[in-house]
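Observations on the three-dimensional arrangement
What follows is the residue order along each chain.
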Amino acid sequence: MTPLLRTTGFLAFVAAIFLNAFVDLGHKIVIQNTLFKVYDGDTQIMLTAVVNALILLPFVLLFTPSGYLADKFAKNKVMRLSAWVAVGLTLMITLSYYQGWFWMAFAMTFLLAVQSAILSPAKYGYIRDLVGTEQLANANGVVQATTTTAILGGIFVFSILFEHNLAGNAYQDAHELLPLTASVGWWLVLGSLVEVWFTYRLPTRRHTDASQRFDWHGYVTAHLLKHNLKSALQRPVIRLSVIGLSLFWAISQVVLAVFPAFAKETMSIDNTVIIQGLLACSGVGIILGSLIASRLSRAHIETGLIPVAAIGITIALTVMPGLDSVGAHAINFLMLGMLGGVFLVPLNALIQFNAGEQRLGKVLAANNLVQNLVMLSF
């Protein structure tokens, strides 16, 4: 860990990705908690799935442009511009909260995801630019733990603020509920502004090929997509790593979409802090698992962790439907997350290690595309 902390810009990078995930998650939590309060059963599950789809679709639609931008421009500058865009979007989201424009706020989930989709290849590609290949697995462990900590923090912070603002207030529908908790939006704006500040502290590590030109005809006709996807995934180690990551996150999406309605039905839980807290246990687990995998991969990428974690994930998912208490689910989610962290870190490191410098952005964008297509299908 110490060599990473001594790397110029690493702490600023970690802070920036923390805030980006924290803000993205914050808005999603407000929308999901609103759905939980206002709707029940199949309608709740369907609308939650639509929210997830709005978050995933930009990663599919922007696969080619996001990889192109990460390869053409300095990745720290792409991150900086993305952070400024997030400031504008969070201001619009806050306005929609105060006005009670629920469906506007619902749709803004898509635009916030567009910003994340553009950012993602630059963010993950910048890891290797910043720390080199020797510290790659270790850095991925820190990044995975940081992102999950942001998600975990966002779940608790925004759910607690949400419930606190609603306490003692009456509402009939989502349009009446949203203004009651509108002050949450200012936390989103503040997080985006601080993220901008940290992105200006990221050094430029590698010069890119600024002469690249985007093939709009190839993009519109999907020829460019097919070519980039085939090129990015032609190496078996990258292709298999992408499949493993895709399956894990797809299963996670199903659990996130269905579990709140399951808990409400079987355990009569209607407090969003408890629901999100249970799901957050998986986040704690991912942090622990990521740090364990990072520790075991200090000198090399420890691929032996992958099958062990996969077997453990299968067992945790198998027992989940039979559990009927909050404590049992908390323990199971903790184990599921821990095994997930052990599973994710070596797979991400394998992709970054085996992608060539000039193709890293496209490979990471292809990884996003496949993951999100699989998640959408699930």
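Reference entry: report on the structure contained in this document. Numbering of residues begins from 1 in every chain and follows the order in which that chain's sequence is written. Totals for whole chains, interfaces and linings use every residue, but because this is a predicted model, local features are given only for residues with pLDDT of at least 70 and side-chain atom pairs only at 80 or more, for both listing and counting. Each side-chain value is derived from all of the structure's non-hydrogen atoms; neither hydrogens nor water enter the calculation.

A packed helix pair is summarised by two numbers, namely the angle formed by the two axes and the spacing between the axes. Simply put, an axis is a line fit to the C-alpha atoms, just over the touching stretch for a helix, and the angle between two N-to-C directions goes from 0 to 180 degrees. Helix and strand definitions here come from DSSP, where helices need a minimum of 4 consecutive H or I residues and strands a minimum of 2 consecutive E residues; each element is numbered from the N-terminal end. Contact geometry of helix α3 (residues 41-61) with helix α6 (residues 102-131) gives a least axis separation of 7 Å together with a crossing angle of 35 degrees. For the pair α3 and α6, the crossing hand works out as right-handed. Contacts between α3 and α6 involve Leu47, Val50, Val51, Leu54, Ile55, Leu57, Pro58, Phe59 and Leu61 from the first element and Trp103, Phe106, Thr109, Phe110, Ala113, Val114, Ser116, Ala117 and Ser120 from the second. Ten residue types, Ala, Val, Leu, Ile, Met, Phe, Trp, Tyr, Cys and Pro, are classed as nonpolar, four, Asp, Glu, Lys and Arg, as charged, and the remainder, Gly among them, as polar. Looking at the contact of α3 with α6, its residues break down into 15 nonpolar, three polar and no charged. Note: crossing handedness is left-handed where the near helix turns anticlockwise from the far helix by less than a right angle, and right-handed where it turns clockwise. Contacts are assigned to residue pairs with any non-hydrogen atoms lying within 4.5 Å of each other.

Another point: helix α15 (residues 326-354). By this rule the span expected of a helix is its residue count minus one, scaled by 1.5 Å. In a regular helix each residue adds 1.5 Å, so 29 residues correspond to 42 Å; α15 covers 42 Å between its end C-alpha atoms and thus fits that length. The rule is simple: take the accessible area with a 1.4 Å probe, protein chains only, and divide by the maximum for that residue type; under 20% is buried, over 50% is exposed, in between is partly exposed. With 21 of 29 residues buried, α15 is to be regarded as a mostly interior element.

A pocket here means an open set of points on a 1 Å grid, computed over the protein atoms alone, that has protein on both sides within 12 Å along at least five of seven lines. A cavity is instead a set of points where a 1.4 Å probe fits but cannot get out; residues with an atom within 4 Å of a point line either one. Grid points are joined across faces, edges and corners, and a volume is the space filled by probe spheres set on the points. By volume, the largest pocket is sized at about 210 Å³. Lining the largest pocket are Leu69, Phe73, Lys77, Val78, Leu81, Ser82, Val85, Val114, Gln115 and Ile118. Within the residue set of the lining of the largest pocket, elements represented by two or more residues are α5 (75-99) and α6. Broken down by element, the lining of the largest pocket gets its largest block of residues, five residues, from α5. Split by residue class, the lining of the largest pocket holds seven nonpolar, two polar and one charged. Counted as a void, the second largest pocket has a volume near 150 Å³. If you go around the second largest pocket, the residues you meet are Ala49, Asn52, Ala53, Leu56, Gln253, Val254, Ala257, Val258, Met375, Leu376 and Phe378. Listed by contribution, the elements that provide at least two residues to the lining of the second largest pocket are α3, α12 (236-267) and α16 (360-377). When the residues that make up the lining of the second largest pocket are grouped by side-chain class, the tally is nine nonpolar, two polar and no charged.

For helix α14 (residues 305-319), with 15 residues, the first-to-last C-alpha span of 22 Å sits near the 21 Å given by 1.5 Å per residue. Within α14, burial applies to Leu305, Ile306, Ala309, Gly312, Ile313 and Ala316. Mapping the buried residues of α14 onto a view down its axis gives an arc of 130 degrees, with all of them on the same face. Turned more than 90 degrees away from the buried face of α14 sit Val308, Ile311, Ile315 and Thr318, all of them exposed. Starting at the helix axis, one direction is taken to each C-beta atom, and the arc is that of these directions.

Here the focus is the side chain of asparagine 76. Looking at the secondary structure, you find asparagine 76 in helix α5. For asparagine 76, the contacting residues outside a window of four places in its chain are Tyr126, Leu202, Pro203 and Thr204.

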